Amino acid sequence: MIRAGLQRTIGIALTFKSAPGRVDRRCIAQLLPISETSTLQFSVRQAIHSVLKTAVQCAYPGVEPEPSLDYSTRADFQSSTAKKIAGRLRLPVNEVCENIIRSLPPNDVIAAATNSLGFVNIDVRRDWLASTLTDLVHSNEGADSDPGAADDDDAHLIRLRTARPRNVLVDFASPNMCKELHVGHLRSLVLGDSVARVLAYVGHRVERVSHVGDFGTPLGLVIAQAFSERAPFLEAGAEHPSPGELSRLYVAAKTRSASDPAFMTEAQRCCLELQKKEHGDPAVYRAWLSVCEASRRGFNEIFDKFGVAMTEQGESFYSDMLRPVIAELRAKGLAVESQGAQCVFLPGSKSPVVVEKSDGGHLYSTTDLATLKYRLSHQKDWIIYVTDASQKLHFNQVFQVCARRFSWSGECELCWAGVV
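All of the points below concern the structure found in this document. The structure presented is a predicted model; accordingly, all values stated were derived computationally and were not measured.

This part is about the nonpolar core. Core analysis: the biggest nonpolar cluster contains 43 residues, and Val170 and Ile384 have the highest contact counts within it. For this core, the element with the most residues is helix H10 (residues 282-306), which contributes eight residues. Ignoring anything within four residues of it in the chain, the contact list for Val170 reads Gly192, Val195, Ala196, Leu199, Val206, Glu207, Arg208, Val209, Ile384 and Val386. If you look at the next biggest cluster of nonpolar residues, it comprises 28 residues, including Leu52, Val63, Ala82 and Ile101.

The following block contains the structure:
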(Lines give C-alpha, C1' and ligand atoms only; values in the text may rest on other atoms or scores of the structure.)
Protein backbone atom coordinates (compact mmCIF):
# COMPACT_ATOMS: atom_id res chain seq x y z
CA MET A 1 0.00 0.00 0.00
CA ILE A 2 1.55 3.29 -1.09
CA ARG A 3 0.66 6.18 1.15
CA ALA A 4 -0.66 9.28 -0.56
CA GLY A 5 0.47 12.85 -0.02
CA LEU A 6 3.44 14.45 1.65
CA GLN A 7 1.75 15.41 4.90
CA ARG A 8 4.44 15.88 7.47
CA THR A 9 7.40 18.12 8.10
CA ILE A 10 9.91 15.31 8.56
CA GLY A 11 8.74 13.67 5.37
CA ILE A 12 10.15 16.64 3.48
CA ALA A 13 13.58 15.96 4.96
CA LEU A 14 13.57 12.45 3.53
CA THR A 15 12.71 13.51 -0.01
CA PHE A 16 15.77 15.38 -1.20
CA LYS A 17 16.02 15.42 -4.97
CA SER A 18 18.25 12.70 -6.35
CA ALA A 19 19.06 13.06 -10.03
CA PRO A 20 17.96 11.73 -12.39
CA GLY A 21 14.81 10.96 -10.39
CA ARG A 22 13.24 11.72 -7.05
CA VAL A 23 12.60 9.64 -4.02
CA ASP A 24 8.92 8.70 -3.98
CA ARG A 25 7.53 11.23 -1.52
CA ARG A 26 4.29 9.36 -1.06
CA CYS A 27 5.62 6.26 0.63
CA ILE A 28 7.87 7.83 3.29
CA ALA A 29 5.87 10.92 4.13
CA GLN A 30 4.44 9.53 7.35
CA LEU A 31 7.43 7.86 8.94
CA LEU A 32 7.24 10.06 12.01
CA PRO A 33 4.18 10.34 14.26
CA ILE A 34 3.62 14.08 13.92
CA SER A 35 0.09 15.33 14.37
CA GLU A 36 -1.08 17.59 11.57
CA THR A 37 -3.23 19.48 14.08
CA SER A 38 -0.27 20.43 16.29
CA THR A 39 1.03 23.99 16.38
CA LEU A 40 4.39 23.21 14.83
CA GLN A 41 7.02 25.70 15.94
CA PHE A 42 9.34 24.46 13.21
CA SER A 43 6.78 23.76 10.50
CA VAL A 44 8.26 23.93 7.03
CA ARG A 45 4.83 24.52 5.58
CA GLN A 46 4.16 27.38 7.97
CA ALA A 47 7.47 29.07 7.13
CA ILE A 48 6.86 28.89 3.38
CA HIS A 49 3.27 30.02 3.78
CA SER A 50 4.45 33.11 5.66
CA VAL A 51 6.92 34.08 2.91
CA LEU A 52 4.33 33.47 0.19
CA LYS A 53 1.70 35.50 2.02
CA THR A 54 4.09 38.45 2.26
CA ALA A 55 4.71 38.25 -1.50
CA VAL A 56 0.98 38.17 -2.28
CA GLN A 57 0.26 41.14 -0.03
CA CYS A 58 3.11 43.07 -1.63
CA ALA A 59 2.08 42.25 -5.20
CA TYR A 60 -1.70 42.63 -4.72
CA PRO A 61 -2.50 44.71 -1.62
CA GLY A 62 -6.00 44.23 -0.33
CA VAL A 63 -6.61 40.92 -2.09
CA GLU A 64 -8.18 38.55 0.40
CA PRO A 65 -7.41 34.96 -0.79
CA GLU A 66 -5.21 33.20 1.73
CA PRO A 67 -2.24 31.70 -0.14
CA SER A 68 -2.75 28.03 -0.88
CA LEU A 69 0.08 25.55 -0.46
CA ASP A 70 0.06 21.94 -1.58
CA TYR A 71 2.65 19.22 -2.03
CA SER A 72 3.82 18.58 -5.57
CA THR A 73 5.54 15.87 -7.58
CA ARG A 74 7.45 18.56 -9.51
CA ALA A 75 8.72 20.56 -6.55
CA ASP A 76 8.59 20.49 -2.76
CA PHE A 77 5.45 22.64 -2.72
CA GLN A 78 3.03 24.16 -5.20
CA SER A 79 0.66 27.10 -4.87
CA SER A 80 -2.41 27.82 -6.98
CA THR A 81 -2.85 31.28 -5.44
CA ALA A 82 -2.03 33.03 -8.73
CA LYS A 83 -4.98 31.31 -10.44
CA LYS A 84 -7.38 32.47 -7.73
CA ILE A 85 -6.14 36.07 -7.88
CA ALA A 86 -6.16 36.07 -11.68
CA GLY A 87 -9.76 34.92 -11.68
CA ARG A 88 -10.83 37.54 -9.19
CA LEU A 89 -8.99 40.45 -10.85
CA ARG A 90 -9.45 39.16 -14.40
CA LEU A 91 -5.75 39.22 -15.15
CA PRO A 92 -3.58 36.76 -17.12
CA VAL A 93 -2.62 33.98 -14.73
CA ASN A 94 1.01 33.83 -15.88
CA GLU A 95 1.37 37.56 -15.28
CA VAL A 96 0.02 37.17 -11.74
CA CYS A 97 2.25 34.17 -11.08
CA GLU A 98 5.39 35.99 -12.23
CA ASN A 99 4.43 39.06 -10.20
CA ILE A 100 4.09 36.96 -7.02
CA ILE A 101 7.47 35.33 -7.65
CA ARG A 102 9.15 38.72 -8.17
CA SER A 103 7.59 39.96 -4.92
CA LEU A 104 9.00 37.18 -2.75
CA PRO A 105 10.96 38.88 0.05
CA PRO A 106 14.56 37.89 0.86
CA ASN A 107 14.40 34.78 3.04
CA ASP A 108 16.34 31.73 4.20
CA VAL A 109 13.59 29.25 3.35
CA ILE A 110 12.95 29.18 -0.40
CA ALA A 111 15.70 27.97 -2.71
CA ALA A 112 13.78 28.46 -5.96
CA ALA A 113 10.34 29.57 -7.11
CA THR A 114 9.18 29.03 -10.70
CA ASN A 115 6.09 29.51 -12.79
CA SER A 116 4.55 26.25 -13.99
CA LEU A 117 1.45 26.98 -16.05
CA GLY A 118 0.24 29.48 -13.48
CA PHE A 119 1.28 27.49 -10.43
CA VAL A 120 4.08 28.74 -8.20
CA ASN A 121 6.44 25.79 -7.73
CA ILE A 122 8.59 26.12 -4.63
CA ASP A 123 11.71 24.21 -3.58
CA VAL A 124 13.02 24.45 -0.02
CA ARG A 125 16.61 25.35 0.85
CA ARG A 126 18.28 22.15 2.04
CA ASP A 127 20.67 23.88 4.45
CA TRP A 128 17.77 25.67 6.15
CA LEU A 129 15.77 22.45 6.31
CA ALA A 130 18.67 20.50 7.82
CA SER A 131 19.25 23.19 10.43
CA THR A 132 15.55 23.39 11.27
CA LEU A 133 15.20 19.65 11.69
CA THR A 134 18.32 19.50 13.86
CA ASP A 135 16.89 22.20 16.13
CA LEU A 136 13.55 20.40 16.17
CA VAL A 137 15.05 17.10 17.29
CA HIS A 138 17.26 18.70 19.93
CA SER A 139 14.38 20.73 21.33
CA ASN A 140 12.29 17.60 21.73
CA GLU A 141 14.92 15.36 23.36
CA GLY A 142 13.39 14.23 26.64
CA ALA A 143 10.05 15.84 25.84
CA ASP A 144 8.69 12.82 23.98
CA SER A 145 9.12 9.97 26.46
CA ASP A 146 5.39 9.88 27.10
CA PRO A 147 3.53 10.52 23.82
CA GLY A 148 0.20 10.66 25.60
CA ALA A 149 1.14 13.30 28.14
CA ALA A 150 0.70 16.78 26.66
CA ASP A 151 -0.54 20.01 28.14
CA ASP A 152 -1.04 23.57 26.99
CA ASP A 153 2.54 24.55 27.82
CA ASP A 154 4.09 22.05 25.39
CA ALA A 155 1.43 21.98 22.67
CA HIS A 156 3.93 23.48 20.23
CA LEU A 157 6.32 20.55 20.55
CA ILE A 158 6.44 17.79 17.97
CA ARG A 159 6.19 14.40 19.62
CA LEU A 160 8.84 12.18 18.04
CA ARG A 161 8.10 8.94 19.90
CA THR A 162 5.39 6.74 18.46
CA ALA A 163 2.58 5.64 20.72
CA ARG A 164 2.29 2.39 18.74
CA PRO A 165 5.66 0.69 18.15
CA ARG A 166 5.58 -1.73 15.24
CA ASN A 167 7.73 -4.60 14.03
CA VAL A 168 9.30 -3.14 10.89
CA LEU A 169 11.56 -4.73 8.30
CA VAL A 170 13.46 -2.45 5.92
CA ASP A 171 14.73 -4.25 2.81
CA PHE A 172 17.51 -2.26 1.16
CA ALA A 173 20.88 -2.47 -0.64
CA SER A 174 20.17 -6.04 -1.86
CA PRO A 175 22.84 -6.30 -4.60
CA ASN A 176 23.28 -9.27 -6.92
CA MET A 177 26.07 -11.69 -6.19
CA CYS A 178 28.73 -11.81 -8.95
CA LYS A 179 28.15 -8.15 -9.86
CA GLU A 180 30.06 -5.16 -8.50
CA LEU A 181 28.17 -2.42 -6.71
CA HIS A 182 27.21 0.69 -8.65
CA VAL A 183 25.87 4.07 -7.55
CA GLY A 184 22.28 2.81 -7.62
CA HIS A 185 23.11 0.34 -4.86
CA LEU A 186 24.76 3.10 -2.84
CA ARG A 187 21.65 5.23 -3.09
CA SER A 188 19.49 2.34 -1.88
CA LEU A 189 22.03 1.83 0.91
CA VAL A 190 21.88 5.44 2.10
CA LEU A 191 18.11 5.82 1.73
CA GLY A 192 17.38 2.48 3.38
CA ASP A 193 19.71 3.20 6.28
CA SER A 194 18.10 6.64 6.73
CA VAL A 195 14.58 5.20 6.80
CA ALA A 196 15.66 2.49 9.27
CA ARG A 197 17.37 5.04 11.55
CA VAL A 198 14.35 7.34 11.61
CA LEU A 199 11.95 4.51 12.38
CA ALA A 200 14.19 3.14 15.13
CA TYR A 201 14.63 6.63 16.59
CA VAL A 202 10.90 7.11 17.02
CA GLY A 203 10.53 3.79 18.79
CA HIS A 204 9.76 1.13 16.20
CA ARG A 205 11.44 -2.27 16.36
CA VAL A 206 13.43 -2.29 13.11
CA GLU A 207 15.19 -5.13 11.33
CA ARG A 208 17.49 -4.28 8.41
CA VAL A 209 17.80 -6.89 5.67
CA SER A 210 19.79 -7.09 2.45
CA HIS A 211 17.90 -9.46 0.14
CA VAL A 212 20.88 -10.32 -2.06
CA GLY A 213 20.40 -11.94 -5.46
CA ASP A 214 22.21 -15.24 -4.95
CA PHE A 215 20.00 -17.66 -6.84
CA GLY A 216 19.28 -16.34 -10.33
CA THR A 217 20.39 -16.53 -13.93
CA PRO A 218 23.41 -14.18 -13.53
CA LEU A 219 25.04 -16.71 -11.22
CA GLY A 220 24.34 -19.51 -13.67
CA LEU A 221 26.00 -17.46 -16.41
CA VAL A 222 29.08 -16.70 -14.32
CA ILE A 223 29.54 -20.29 -13.17
CA ALA A 224 29.11 -21.64 -16.71
CA GLN A 225 31.69 -19.13 -18.00
CA ALA A 226 34.06 -20.06 -15.18
CA PHE A 227 33.75 -23.75 -16.11
CA SER A 228 34.38 -22.89 -19.76
CA GLU A 229 37.55 -20.95 -18.87
CA ARG A 230 38.61 -23.40 -16.16
CA ALA A 231 38.90 -20.46 -13.79
CA PRO A 232 41.54 -20.92 -11.04
CA PHE A 233 39.06 -20.38 -8.20
CA LEU A 234 37.29 -23.64 -9.16
CA GLU A 235 40.22 -25.66 -7.87
CA ALA A 236 39.90 -27.10 -4.37
CA GLY A 237 41.50 -24.82 -1.79
CA ALA A 238 41.98 -21.95 -4.26
CA GLU A 239 41.48 -18.31 -3.37
CA HIS A 240 38.10 -16.78 -4.02
CA PRO A 241 37.88 -14.61 -7.16
CA SER A 242 37.96 -10.85 -6.85
CA PRO A 243 34.78 -8.78 -7.44
CA GLY A 244 36.47 -7.42 -10.58
CA GLU A 245 37.07 -10.94 -11.90
CA LEU A 246 33.43 -11.86 -11.29
CA SER A 247 32.29 -8.79 -13.22
CA ARG A 248 34.58 -9.75 -16.10
CA LEU A 249 33.14 -13.28 -16.14
CA TYR A 250 29.60 -11.94 -16.10
CA VAL A 251 30.17 -9.53 -19.00
CA ALA A 252 31.82 -12.27 -21.04
CA ALA A 253 29.03 -14.73 -20.26
CA LYS A 254 26.28 -12.22 -21.01
CA THR A 255 27.83 -11.41 -24.40
CA ARG A 256 28.37 -15.07 -25.23
CA SER A 257 24.85 -16.15 -24.26
CA ALA A 258 23.36 -13.89 -26.94
CA SER A 259 24.99 -15.86 -29.77
CA ASP A 260 25.80 -19.29 -28.30
CA PRO A 261 22.66 -21.38 -27.61
CA ALA A 262 24.71 -24.30 -26.25
CA PHE A 263 26.39 -22.04 -23.71
CA MET A 264 23.03 -20.58 -22.67
CA THR A 265 21.72 -24.10 -22.14
CA GLU A 266 24.70 -24.84 -19.89
CA ALA A 267 24.13 -21.60 -17.97
CA GLN A 268 20.51 -22.56 -17.41
CA ARG A 269 21.61 -25.99 -16.21
CA CYS A 270 24.01 -24.40 -13.76
CA CYS A 271 21.24 -22.12 -12.54
CA LEU A 272 18.90 -25.05 -11.91
CA GLU A 273 21.67 -27.03 -10.19
CA LEU A 274 22.69 -24.22 -7.86
CA GLN A 275 19.05 -23.85 -6.85
CA LYS A 276 19.29 -27.41 -5.50
CA LYS A 277 22.23 -26.28 -3.34
CA GLU A 278 24.02 -29.22 -1.69
CA HIS A 279 21.63 -31.66 -3.35
CA GLY A 280 22.66 -30.63 -6.86
CA ASP A 281 25.86 -30.86 -8.92
CA PRO A 282 28.76 -30.71 -6.36
CA ALA A 283 30.98 -28.70 -8.73
CA VAL A 284 28.25 -26.11 -9.29
CA TYR A 285 27.56 -25.94 -5.56
CA ARG A 286 31.24 -25.33 -4.70
CA ALA A 287 31.53 -22.66 -7.41
CA TRP A 288 28.37 -21.01 -6.14
CA LEU A 289 29.68 -20.85 -2.57
CA SER A 290 32.96 -19.32 -3.76
CA VAL A 291 31.28 -16.71 -5.96
CA CYS A 292 28.90 -15.69 -3.17
CA GLU A 293 31.67 -15.39 -0.61
CA ALA A 294 33.80 -13.30 -2.97
CA SER A 295 30.88 -10.98 -3.68
CA ARG A 296 30.00 -10.75 0.01
CA ARG A 297 33.51 -9.61 0.91
CA GLY A 298 33.40 -6.94 -1.78
CA PHE A 299 29.99 -5.67 -0.66
CA ASN A 300 30.88 -5.60 3.03
CA GLU A 301 34.02 -3.59 2.35
CA ILE A 302 31.85 -0.82 0.87
CA PHE A 303 29.09 -1.15 3.47
CA ASP A 304 31.67 -0.84 6.25
CA LYS A 305 32.96 2.43 4.77
CA PHE A 306 29.41 3.81 5.09
CA GLY A 307 29.04 2.43 8.60
CA VAL A 308 25.90 0.54 7.59
CA ALA A 309 25.12 -2.90 8.96
CA MET A 310 22.29 -5.20 7.94
CA THR A 311 21.46 -8.90 7.93
CA GLU A 312 22.13 -10.71 4.66
CA GLN A 313 19.18 -12.95 3.85
CA GLY A 314 19.19 -13.66 0.15
CA GLU A 315 17.01 -15.54 -2.28
CA SER A 316 18.58 -18.90 -1.43
CA PHE A 317 17.30 -18.64 2.15
CA TYR A 318 13.77 -19.07 0.83
CA SER A 319 14.48 -21.87 -1.67
CA ASP A 320 12.58 -24.52 0.28
CA MET A 321 9.53 -22.25 0.49
CA LEU A 322 9.04 -21.72 -3.25
CA ARG A 323 7.16 -24.87 -4.14
CA PRO A 324 4.75 -24.59 -1.17
CA VAL A 325 3.88 -21.06 -2.29
CA ILE A 326 3.21 -22.25 -5.84
CA ALA A 327 1.15 -25.15 -4.49
CA GLU A 328 -0.88 -22.72 -2.38
CA LEU A 329 -1.49 -20.49 -5.39
CA ARG A 330 -2.62 -23.46 -7.45
CA ALA A 331 -4.86 -24.80 -4.67
CA LYS A 332 -6.62 -21.44 -4.52
CA GLY A 333 -7.05 -21.45 -8.29
CA LEU A 334 -4.83 -18.38 -8.63
CA ALA A 335 -1.90 -19.93 -10.49
CA VAL A 336 -2.86 -21.52 -13.79
CA GLU A 337 -0.85 -23.10 -16.57
CA SER A 338 -0.05 -20.90 -19.55
CA GLN A 339 2.30 -22.16 -22.28
CA GLY A 340 3.77 -24.64 -19.84
CA ALA A 341 4.43 -22.04 -17.11
CA GLN A 342 2.51 -21.36 -13.91
CA CYS A 343 1.08 -17.84 -14.00
CA VAL A 344 -1.11 -15.58 -11.87
CA PHE A 345 -3.30 -13.24 -13.93
CA LEU A 346 -4.17 -10.00 -12.18
CA PRO A 347 -7.14 -7.78 -13.12
CA GLY A 348 -6.09 -4.82 -15.25
CA SER A 349 -2.57 -6.14 -15.79
CA LYS A 350 -1.35 -6.73 -19.34
CA SER A 351 1.17 -9.38 -18.34
CA PRO A 352 0.79 -12.21 -15.82
CA VAL A 353 2.96 -12.84 -12.79
CA VAL A 354 5.01 -15.90 -13.76
CA VAL A 355 5.76 -17.97 -10.65
CA GLU A 356 7.25 -21.04 -12.33
CA LYS A 357 8.81 -21.32 -15.79
CA SER A 358 8.06 -24.19 -18.15
CA ASP A 359 11.43 -25.78 -17.28
CA GLY A 360 10.60 -25.74 -13.56
CA GLY A 361 12.77 -22.72 -12.78
CA HIS A 362 11.61 -19.92 -10.52
CA LEU A 363 11.67 -16.17 -10.99
CA TYR A 364 12.03 -13.09 -8.82
CA SER A 365 8.26 -12.99 -8.32
CA THR A 366 8.29 -16.50 -6.83
CA THR A 367 11.10 -15.68 -4.44
CA ASP A 368 9.59 -12.35 -3.43
CA LEU A 369 6.21 -13.94 -2.71
CA ALA A 370 7.86 -16.59 -0.54
CA THR A 371 9.96 -13.88 1.13
CA LEU A 372 6.93 -11.74 1.86
CA LYS A 373 4.96 -14.65 3.28
CA TYR A 374 7.87 -15.65 5.51
CA ARG A 375 8.35 -12.12 6.82
CA LEU A 376 4.68 -11.54 7.56
CA SER A 377 4.41 -14.90 9.27
CA HIS A 378 7.36 -13.96 11.50
CA GLN A 379 5.71 -11.03 13.26
CA LYS A 380 6.62 -8.29 10.76
CA ASP A 381 3.62 -6.00 10.38
CA TRP A 382 5.30 -3.26 8.31
CA ILE A 383 7.70 -4.07 5.47
CA ILE A 384 9.45 -1.34 3.46
CA TYR A 385 11.35 -2.09 0.25
CA VAL A 386 13.89 0.52 -0.88
CA THR A 387 14.60 0.13 -4.62
CA ASP A 388 14.81 2.16 -7.81
CA ALA A 389 11.83 3.00 -10.00
CA SER A 390 12.45 0.08 -12.36
CA GLN A 391 11.08 -2.27 -9.68
CA LYS A 392 7.73 -0.51 -9.27
CA LEU A 393 5.68 -2.78 -11.55
CA HIS A 394 7.25 -5.92 -10.12
CA PHE A 395 6.55 -5.05 -6.50
CA ASN A 396 3.09 -3.69 -7.20
CA GLN A 397 2.22 -7.05 -8.74
CA VAL A 398 3.75 -8.96 -5.84
CA PHE A 399 1.81 -6.81 -3.36
CA GLN A 400 -1.40 -7.42 -5.29
CA VAL A 401 -0.93 -11.17 -5.18
CA CYS A 402 -0.15 -10.91 -1.48
CA ALA A 403 -2.92 -8.57 -0.37
CA ARG A 404 -5.76 -9.35 -2.79
CA ARG A 405 -5.16 -13.04 -3.30
CA PHE A 406 -3.51 -14.52 -0.23
CA SER A 407 -5.01 -12.03 2.23
CA TRP A 408 -1.83 -12.16 4.31
CA SER A 409 -1.95 -9.58 7.09
CA GLY A 410 0.57 -6.77 7.20
CA GLU A 411 1.52 -3.53 5.48
CA CYS A 412 3.92 -3.44 2.53
CA GLU A 413 5.41 -0.31 1.00
CA LEU A 414 7.76 0.47 -1.85
CA CYS A 415 10.09 3.42 -1.31
CA TRP A 416 11.62 4.09 -4.72
CA ALA A 417 14.07 6.50 -6.26
CA GLY A 418 14.79 7.31 -9.90
CA VAL A 419 16.86 4.96 -12.01
CA VAL A 420 20.58 5.67 -12.37
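Now that the structure is up, let's keep going.
For the rest of this paragraph, the subject is the side chain of Thr81. Tracing the sequence through the fold places Thr81 in helix H3 (residues 81-89). In this structure Thr81 comes out as buried when scored by relative accessible area, which is 2%. Among residues more than four places away in sequence, those in contact with Thr81 are Leu52, Val56, Pro67 and Ser68.

It is worth spelling out the packing of aromatic side chains at this point. What characterises a pair of aromatic rings is the spacing of the ring centres plus the angle enclosed by the ring planes. The tally for this structure, following the rule as stated, stands at 10 aromatic pairs. Arranged with centres 4.6 Å apart and planes meeting at 40°, the rings of Tyr385 and Phe395 form a pair that is tilted. One end of the pair, Tyr385, is in strand E13 (residues 382-388); the other, Phe395, is in helix H13 (residues 392-406), with 10 residues separating them in the sequence. Of the two residues examined, Tyr385 and Phe395, each falls in the buried class. What links up through ring pairs into an aromatic cluster is the set Phe215, Tyr285 and Trp288. If you follow Arg45 out to its NZ or CZ, it ends over the ring of Tyr71, 5.5 Å from the centre. The ring of Trp416 carries the charged tip of Lys392 above its face, separated from the ring centre by 4.2 Å.

What follows deals with the pattern of salt bridges. Enumeration according to the criterion identifies 20 salt bridges in this entry. Arg296 is the partner of Glu293 in a salt bridge, and the nearest nitrogen-oxygen pair spans 2.7 Å. Taken together, the positions of Glu293 and Arg296, both in helix H10 and three residues apart, correspond to about one turn of that helix. Residue classification places Arg296 among the partly exposed residues on the basis of a relative accessible area of 23%. A network of salt bridges, in which partner residues are shared, links Glu293, Arg296, Arg297 and Glu312.

The strand order E9-E8-E7-E13-E14 describes an open sheet built from five strands, whose pairing is parallel. The open sheet has two edge strands with one neighbour each: strand E9 (311-312) and strand E14 (411-417). Relative to E14, E13 runs parallel, the two sharing seven bridges. Across the sheet, residue Val386 finds its bridge partner in E14, namely Cys415.

As summarised here, the arrangement of the four strands in space is E3-E4-E6-E5, forming an open sheet in which the pairing is antiparallel. Of all the strands in the sheet, just strand E3 (70-71) and strand E5 (110-116) have a single pairing partner and so form its edges. Bridge count between strand E4 (residues 77-79) and strand E6 (residues 119-124): three bridges; the pairing is antiparallel. Bridge pairing links Gln78 to Asn121 in E6. Taken strand by strand, helix H2 (residues 44-59) contacts E3, E4, E5 and E6, and its axis lies near 35° from that of E4. Sitting on the sheet, helix H4 (residues 93-102) touches E5 and E6, and the angle it makes with E5 is about 170°.

So, about the pairing of strand E10 (residues 335-338). On a regular strand, one side chain projects to one face of the sheet and the next to the other, so that they alternate. In the sheet, E10 pairs with strand E11 (residues 341-344) via four bridges, with the strands oriented antiparallel. Looking across to E11, one finds that Val336 is bridged to Cys343. Turn length for the E10-E11 hairpin, with the two strands adjacent in sequence and antiparallel, is two residues, and the turn residue Gln339 shows positive phi of about 55°.

Applying the stated criterion to the full structure yields zero disulfides. Just so you know, Cys292 is unpaired, no disulfide at all, and the nearest cysteine sulfur is the one on Cys178, 8.4 Å from it.

This part covers the layout of surface pockets. Its boundaries defined by the atoms lining it, the largest pocket holds a volume of some 820 Å³. What lines the largest pocket is a set of 37 residues, among which Ser174, Asn176, Thr387, Gln391 and Phe395 lie closest to the centre. Of all elements in the fold, only helix H6 (183-201), strand E12 (353-356), helix H12 (364-377), E13 and H13 reach the threshold of two or more residues within the lining of the largest pocket. Looking at which element gives the most residues to the lining of the largest pocket, the answer is H6, with five residues. Considered class by class, the residues forming the lining of the largest pocket number 15 nonpolar, 15 polar and seven charged.

Rules used in this analysis
Residues numbered from 1 in each chain as written. Predicted model: local features only at pLDDT ≥ 70, side-chain atom pairs only at ≥ 80, totals over all residues. Heavy atoms only, no water. Core = buried A, V, L, I, M, F, W, Y, C linked by side-chain atoms within 4.5 Å. Buried < 20%, exposed > 50% of the residue type's maximum accessible area, 1.4 Å probe, protein only. Helix = DSSP H or I, 4+ residues; strand = E, 2+ residues; numbered from the N terminus. Contact = heavy atoms within 4.5 Å. Phe/Tyr/Trp six-rings, centres within 6.5 Å; stacked < 30°, edge-to-face > 60°. Lys NZ or Arg CZ within 6 Å of the ring centre and 35° of its normal. Salt bridge = Lys/Arg side-chain N within 4 Å of Asp/Glu carboxyl O. Pairing = 2+ DSSP bridges. Axes fitted to C-alpha atoms, helices over the stretch in contact; angles between N-to-C directions. Disulfide = S-S within 2.5 Å. 1 Å grid on protein atoms, 1.4 Å probe; cavity = no way out; pocket = protein on both sides within 12 Å on 5 of 7 lines; lining within 4 Å. Points joined across faces, edges and corners; volume = space filled by probe spheres on them. Nonpolar A, V, L, I, M, F, W, Y, C, P; charged D, E, K, R; others polar.

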